[in-house]
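Residues per chain are reported as follows:
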Amino acid sequence: MSYCFYQFKSKISIYTCLAAILSCYLFLACERLDSPESGSLIEETRTEFAPDKRVALFDISFENNILSGETNLPEALETLKNRFEENGIAYTDQVTVLPMLEGKHFGVVTISVANIRSQPKHSAELATQATMGTPLNVLKQDGTWYLVQTPDQYISWIDAAGIQLMDQEEFQQWDLSEKAVFTSLIGYVYADENQIEMVSDLTAGNVLEVIGRKTDFYEVKLPDGRKGYVNSSSMEPLGDWIASRNPSHENLISTAKSMMGIPYLWGGTSIKGVDCSGFTKTVFFLNGQIIPRDASQQIHEGEEVDKDKNWENLQVGDLLFFGKPAAADSPEKVIHVGMWIGNNSFIHSRGRVRISSFDPDSEHFDEYELDRYLRTKRILGKESQNILAVEKFIR
C-alpha cells in the first residue's frame, strides 16, 4: 500500500511540474503577444495613416491580446492587422470602424454658423465652424452630439441642433436640388414677404435649396425643412456663384477688406468671428477654394517664396506665417497667419481683422509680428491634395 501511495505521490509531482511548465509557457506566450513590439507597430501605422489627429482618427490600443479602440480609416486597420500577422502576434479584433450610425452617415449644417467643438459639450473648446449647407460626414453619436468630419477633413463635435442627419438617398436629393448662395455678409430668412418674422439669420456663403422665385424674393428651404423668403438681391444661383469664383488678387483683397473689424474668435471661421487661420480660410472659401483649417496645416501647402524678409518676392494672396523658430531643444511652432495685400502690408485677424505693415514709417507698422515672422508660402496656382475646389463638395 505504501508503494502504491509513493507512485501516486510521484505522479502528482510530475503532473504538478508539467502544469507549472505549461503555465510558464502560457505566461511567456502572453508576454510575447503583449510585447512592446505591438505598440511600435500601432505607432508606425498611426504615423503613416493618421499623423494629424485633427483630420484622421486612429485611436487603437492592444492589451491582453485584444485590439480595441476606434478609427475612421479601415485601410489603416487592415494594414495594422497584416503587420501583426507578419510578426506572429495573435490578436482578437474588437476595433470599431466609423461611421457607426446606421444609415444616417450624412449630414448638412442647418443653421447660419454651427460651432464645432473639441468635445461633446458646449463648454468645450471651439475647434472650428461650418456654415449652413456644408455637407458633413457623420461618424458617431454621443447623446445629443455628433462626431463629424468637415470637407477640409477636420474632425470635431457638433450639437444636434446644428445638423440635419440624412441617409444616402436623402443626401442625394438635397445634393441634386436647385440651390442658391447667400452673398451678403449678414441677412435673414423671413417667414413671408413682409419680412417681419425671422426664420433664421444668414451669413456669407450659406447655401439654401430654392423652391420658388418671385421678383424680389427667393422662396427657400433650409436643410432641416424650414421654409422662408430671402431678398433676391442677396442671393445668387449656386452654379453661377461657383462659376464666378476666382481667387484673383483683386478678389482676395476685396473679400479680406470686407471683413475688416470682425472680432477675433478662437475657432471661428465665419463672418460672426474668425481666428487667424479661420480668416484666411474664409477669404479663400468665398473665392472658391477650401484650404486646410489651421495655420500649422496651411503652412505645409504651396511653395515657399520667402524666409528672409525679402518682401519684394511676395504677391497678393501669399500666406505669411509667424511663430517660434526651431531650436536645439524644441521644434518650430506656427502660431499665426496673415495674407499679403501688397505695399509692404498684410491683413490678418488679431483681436480683430486688421491691416499691418512691415514699413517702419507706416501708421500700421507691426513690430510684434515682424519679430516672430517665419516664412511665406504661395498657394495660388499651386496644386495640392489639401487645397480643394468648392464645387467638389457643394453643387
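Residues numbered from 1 in each chain as written. Predicted model: local features only at pLDDT ≥ 70, side-chain atom pairs only at ≥ 80, totals over all residues. Heavy atoms only, no water.

1. Quick look at the pattern of salt bridges
Move 1: Tallying each qualifying case throughout the model produces 23 salt bridges.
Move 2: A salt bridge links Asp-152 to Lys-281, with the nearest nitrogen and oxygen atoms 2.7 Å apart. Of the two residues, Asp-152 sits in the loop between strand S8 (145–149) and strand S9 (155–159) while Lys-281 sits in helix H7 (residues 276–285), which places them 129 residues apart along the sequence.
Move 3: Owing to a relative accessible area of 13%, Asp-152 belongs among the buried residues under this scheme.
Move 4: Since its relative accessible area comes to 12%, Lys-281 is described here as buried.
Move 5: It is possible to trace a salt-bridge network through shared partners that takes in Asp-52, Arg-54, Asp-275, Arg-293 and Asp-294. (Salt bridge = Lys/Arg side-chain N within 4 Å of Asp/Glu carboxyl O. Helix = DSSP H or I, 4+ residues; strand = E, 2+ residues; numbered from the N terminus. Buried < 20%, exposed > 50% of the residue type's maximum accessible area, 1.4 Å probe, protein only.)

2. Things to note about the sheet that holds strand S6 (residues 126–131)
Move 1: The seven strands lie next to each other as S6-S5-S9-S8-S7-S4-S10, forming an open sheet whose pairing is antiparallel. Looking at which strands have only one partner, the edges of the open sheet turn out to be S6 and strand S10 (163–166). Averaged over all pairs of adjacent strands, the angle between strand axes in this sheet comes to 45°, irrespective of strand direction.
Move 2: Helix-sheet contacts for helix H4 (residues 168–176) involve strand S4 (106–109), strand S7 (135–142) and S10, and the interaxial angle to S10 is about 120°. (Pairing = 2+ DSSP bridges. Axes fitted to C-alpha atoms, helices over the stretch in contact; angles between N-to-C directions. Contact = heavy atoms within 4.5 Å.)

3. Things to note about the packing of helix H6 (residues 249–258) against H7
For any two helices packed against each other, the geometry comes down to the angle between their axes and how far apart the axes lie.
Move 1: Where H6 contacts H7, the axes come no closer than 9 Å and their chain directions differ by 130°. With respect to H7, the axis of H6 lies oblique. The interaxial crossing formed by H6 with H7 has right-handed handedness. Between H6 and H7, the residues in contact are Leu-252, Thr-255 and Ala-256 and Phe-279, Val-283 and Phe-284, respectively.
Move 2: Partitioned by chemical class, the residues of the contact of H6 with H7 number five nonpolar, one polar and no charged. (Parallel < 35°, antiparallel > 145°, perpendicular 65-115°, else oblique. Left-handed = near helix turned anticlockwise from the far one by under 90°. Nonpolar A, V, L, I, M, F, W, Y, C, P; charged D, E, K, R; others polar.)

4. Quick notes on the confidence of the model for the protein chain
Move 1: Looking at the protein chain as a whole, the pLDDT averages 91, with 91% of positions reaching at least 70.
Move 2: Counting interchain partners and residues more than four positions distant, the pLDDT-below-50 stretch residues 1–12 has zero contacts.
Move 3: Scored below 50 in pLDDT, residues 17–33 shows 11 contacts in the model against residues more than four places distant or in partner chains. (pLDDT = per-residue confidence, 0-100.)

5. Quick word on unusual backbone geometry
Across the chain, the bulk of peptide bonds are trans and the bulk of non-glycine residues have phi less than zero.
Move 1: Going from Leu-98 to Pro-99, the amide bond is cis rather than trans, its omega being 10°.
Move 2: Even without being glycine, Lys-309 reaches a positive phi, approximately 65°.
Move 3: Of note, Lys-309 is situated in the loop between strand S21 (303–306) and strand S22 (319–324).
Move 4: Here Lys-309 falls in the partly exposed class, since its relative accessible area comes to 38%.
Move 5: A positive phi angle, near 55°, is found at Asn-343, a position not held by glycine.
Move 6: Position of Asn-343 relative to the elements: it lies in the loop between strand S23 (333–342) and strand S24 (345–350).
Move 7: Overall, Asn-343 belongs to the exposed group, its relative accessible area being 71%.

6. Regarding the pairing of strand S16 (residues 227–231)
Move 1: Across five bridges, the pairing between strand S15 (residues 217–221) and S16 is antiparallel. Of the residues in S16, the one forming a bridge with Phe-217 is Asn-231.
Move 2: Hairpin remark: S15 followed by S16, antiparallel, with five residues in the connecting loop; positive phi at Gly-225, about 100°.

7. Re the sheet that holds S24
Sheets are built from strands paired through backbone hydrogen bonds, the pairs being either parallel or antiparallel.
Move 1: Pairing is antiparallel in the open sheet, where six strands are placed in the order S21-S26-S22-S23-S24-S25. Strand pairing shows two members of the sheet lacking a second neighbour, S21 and strand S25 (352–357), which therefore form its edges. Recorded for the sheet is a direction-independent mean angle of 35° between the axes of neighbouring strands.
Move 2: When S21 meets strand S26 (residues 373–378), the two strands line up antiparallel, connected through three bridges. Of the residues in S26, the one forming a bridge with Glu-303 is Arg-378.
Move 3: Seen against the sheet, H6 touches S23, S24 and S25 and runs at an angle of roughly 115° to S23.
Move 4: Its contacts with the sheet place H7 against S22, S23, S24 and S25, and it is angled at close to 40° to S23.

8. Quick word on the layout of surface pockets
Move 1: Put simply, the largest pocket is a space of about 850 Å³.
Move 2: Looking at the lining of the largest pocket, the elements with two or more residues in it are S6, S9, H7, helix H8 (295–298), S23 and S24.
Move 3: For the lining of the largest pocket, the per-class residue count stands at 13 nonpolar, nine polar and 11 charged.
Move 4: The space that makes up the second largest pocket amounts to roughly 390 Å³.
Move 5: Lining the second largest pocket are 14 residues, with Val-55, Asp-152, Gln-153, Glu-301 and Asn-386 sitting closest to its centre.
Move 6: When grouped by side-chain class, the residues that make up the lining of the second largest pocket number six nonpolar, five polar and three charged. (1 Å grid on protein atoms, 1.4 Å probe; cavity = no way out; pocket = protein on both sides within 12 Å on 5 of 7 lines; lining within 4 Å. Points joined across faces, edges and corners; volume = space filled by probe spheres on them.)

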